[in-house]
Amino acid sequence: MDQHPGLELAHSFLIAAEELSFRRTAERLGIDQSALSRRIAKLERQLGFQLFERTTREVVLTPAGRSFYEAGAPLLAGYDRAVATARRVAQGKTGLLRVAYMAFAAIELMPRVVTRFRAANPAVELALRYLPTQEQKIALSEGEIDLGFMIGPFEHSDFDSRQLASDPLHVFMPRGHPLSARRSVAPCDLAGEDLLLGDMAEWEAYRHHLGEKFARAGVPVAPRQEASSTMALLGLVAAGFGITVYPRQLTGLTGTTIVSRPIADPAFHIETVLVRRRIDRAAGVRGFVDCALETARPARAGRKNRAGH
């Protein structure tokens, strides 16, 4: 480990004080005894007092050397610990990462990435925080979070955005709904249905994306009811109040009272991206991004293979 010259001298002295043998000290430091003697002599000149009494048979600390050792050993040990801790932070092996996620990522993708990252980096603390996509963009720009799972695409010169998933949208409806008899649903089939959607305060980005997709399909979107959470939407659907449109991964959470059908239009999908500030080059942030890409890669490959067949 490279050290400041003064620290190098102090470190050599502390080892010599422990060993009370210049031969063994030189072996521990990986230097010859003459180089060690020069270091000790230089330190004694800087301090203005003698540290060791040396004879042909033994090496002992002077009273001043003993005092210096007892005071200096804890200080140098604390310095070494501080350097080691800072080095682990710089390498991304410890520290704190603040990660935000939106509702769609919370169901499947974010937990898988976090599980994999924590297994490889147990000393890194993760602070997870739910934020809608628009709020994540603000939090990132203001340095309140380090990474965000958000709805994409998102292109901006200040941010690095990596696509992790592109999930098909499904229609979720009460069991026994007329559309449940079909294997898939066309966008035009939803015209006139009682549509339940997340409110604009919490779901602004998704509402804009969904509105654009329905507009291109020529289907007006006028929700009968809005709600702020996924569970509220599911509860309303289960109660027969209407239907909702949500990414595929929700199908594992709907129970027996709700069924889903894919929307038979390739435009009806939603992207999940992982975003960080471009200027943030911390090893922990880069490691989390790499882990997320590795986690998402098998799913993306599987979708491509299914599309090819």
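Going by the structure above, here's the rest.
Please read these numbers as outputs of a predicted model, since none were measured by experiment.

Quick notes on the rules
Residues numbered from 1 in each chain as written. Predicted model: local features only at pLDDT ≥ 70, side-chain atom pairs only at ≥ 80, totals over all residues. Heavy atoms only, no water. Helix = DSSP H or I, 4+ residues; strand = E, 2+ residues; numbered from the N terminus. Buried < 20%, exposed > 50% of the residue type's maximum accessible area, 1.4 Å probe, protein only. Contact = heavy atoms within 4.5 Å. Phe/Tyr/Trp six-rings, centres within 6.5 Å; stacked < 30°, edge-to-face > 60°. Lys NZ or Arg CZ within 6 Å of the ring centre and 35° of its normal. Polar contact = N/O pair within 3.5 Å; in protein donor to acceptor, adjacent residues only side chain to side chain. Pairing = 2+ DSSP bridges. Salt bridge = Lys/Arg side-chain N within 4 Å of Asp/Glu carboxyl O. Core = buried A, V, L, I, M, F, W, Y, C linked by side-chain atoms within 4.5 Å.

Draft legend 1. Representation of the overall build of the protein. Along the protein, the regular secondary structure elements total 10 helices and 11 strands. For the protein, the residues scored as buried account for 42% of the 309 residues in total.

Draft legend 2. Highlighting the environment of Arg 129. Tracing the backbone through its elements, the reader meets Arg 129 in strand β4 (residues 124-130). Its relative accessible area of 39% is what places Arg 129 among the partly exposed residues. Spatially, the C-alpha atom of Arg 129 lies 6.4 Å from that of Tyr 101, the residues being 28 residues apart in sequence. Sequence-distant contacts of Arg 129, that is, excluding residues within four places in its chain, are made with Val 99, Ala 100, Tyr 101, Glu 144 and Ile 145.

Draft legend 3. Just the packing of aromatic side chains, in detail. Within the structure shown, the criterion is met by 15 aromatic pairs. Among the aromatic residues, those joined into a cluster by ring pairs are Phe 13, Phe 22, Phe 49, Phe 52 and Phe 68. Geometry around Phe 241 places Arg 224 over its ring, the cationic atom sitting 3.9 Å from the centre.

Draft legend 4. Local environment of the side chain of Ser 21. As for its placement among the helices and strands, Ser 21 is situated in the loop between α1 (5-19) and α2 (22-29). Residue classification places Ser 21 among the buried residues on the basis of a relative accessible area of 11%. A distance of 3.2 Å separates the side chain of Ser 21 from the backbone nitrogen of Arg 24, its partner in a polar contact.

Draft legend 5. Up close: the environment of Leu 126. Tracing the chain through its elements places Leu 126 in strand β4. Classification of Leu 126 by relative accessible area gives buried; the value is 13%. Taking the C-alpha atoms as reference points, Leu 126 and Val 114, separated by 12 residues in sequence, lie 8.3 Å from one another. In this structure Leu 126 touches Leu 97, Val 99, Val 114, Phe 117, Arg 118 and Phe 288, once residues within four positions along its chain are discounted.

Draft legend 6. Local environment of the pairing of strand β9 (residues 243-247). Counting buried positions along β9 gives five out of five residues, so the element sits mostly inside the fold. Strand direction decides the pairing type here: strand β6 (residues 159-174) and β9, joined by four bridges, are antiparallel. Paired with Leu 169 across the strands is Pro 247, a residue of β9. As paired strands, strand β7 (residues 195-198) and β9 are joined by two bridges and run parallel to one another. Bridge pairing in β9 places Leu 195 opposite Ile 243.

Draft legend 7. View of the pattern of salt bridges. For the structure on display, the rule yields 16 salt bridges. Note that Arg 28 and Glu 19 form a salt bridge whose closest N and O atoms lie 2.9 Å from each other. One salt bridge in this structure joins Glu 294 and Arg 297, with 2.5 Å as the shortest N-O distance. Of the two residues, Glu 294 and Arg 297 are both situated in helix α10 (residues 283-308); the distance of three residues between them amounts to about one turn of the helix. Relative accessible area serves as the criterion here: at 40%, Arg 297 is assigned to the partly exposed category. Beyond isolated ion pairs, a larger network of salt bridges with shared partners links Glu 18, Glu 19, Arg 24 and Arg 28.

Draft legend 8. The environment of Glu 142, seen in detail. Along the chain, Glu 142 falls in the loop between α7 (133-141) and β5 (147-152). Accessibility expressed as a relative area gives 53% for Glu 142, which makes it exposed. C-alpha separation for the pair Glu 142 and Arg 277, spaced 135 residues apart in sequence, amounts to 10.0 Å.

Draft legend 9. Representation of the side chain of His 177. Mapped onto the fold, His 177 is located in the loop between β6 and β7. Setting aside anything within four residues of it in sequence, one finds His 177 in contact with Glu 193 and Ile 243.

Draft legend 10. Structural detail: the nonpolar core. Grouped together as the largest cluster of nonpolar side chains are 56 residues, with contacts concentrated most on Leu 97, Phe 104, Phe 149, Leu 190, Tyr 206, Val 245 and Phe 288. Ranked by residue count, the leading element in this core is α10, at seven residues. Not counting chain neighbours up to four residues away, the residues in contact with Val 245 comprise Leu 169, His 170, Val 171, Leu 190, Leu 195, Leu 196, Tyr 206, Leu 210, Phe 214 and Ile 263. Core analysis: the next-biggest nonpolar cluster, separate from the first, contains 16 residues, Leu 14, Leu 51, Val 59 and Leu 76 among them.

Distances and angles like these do not, on their own, reveal function.
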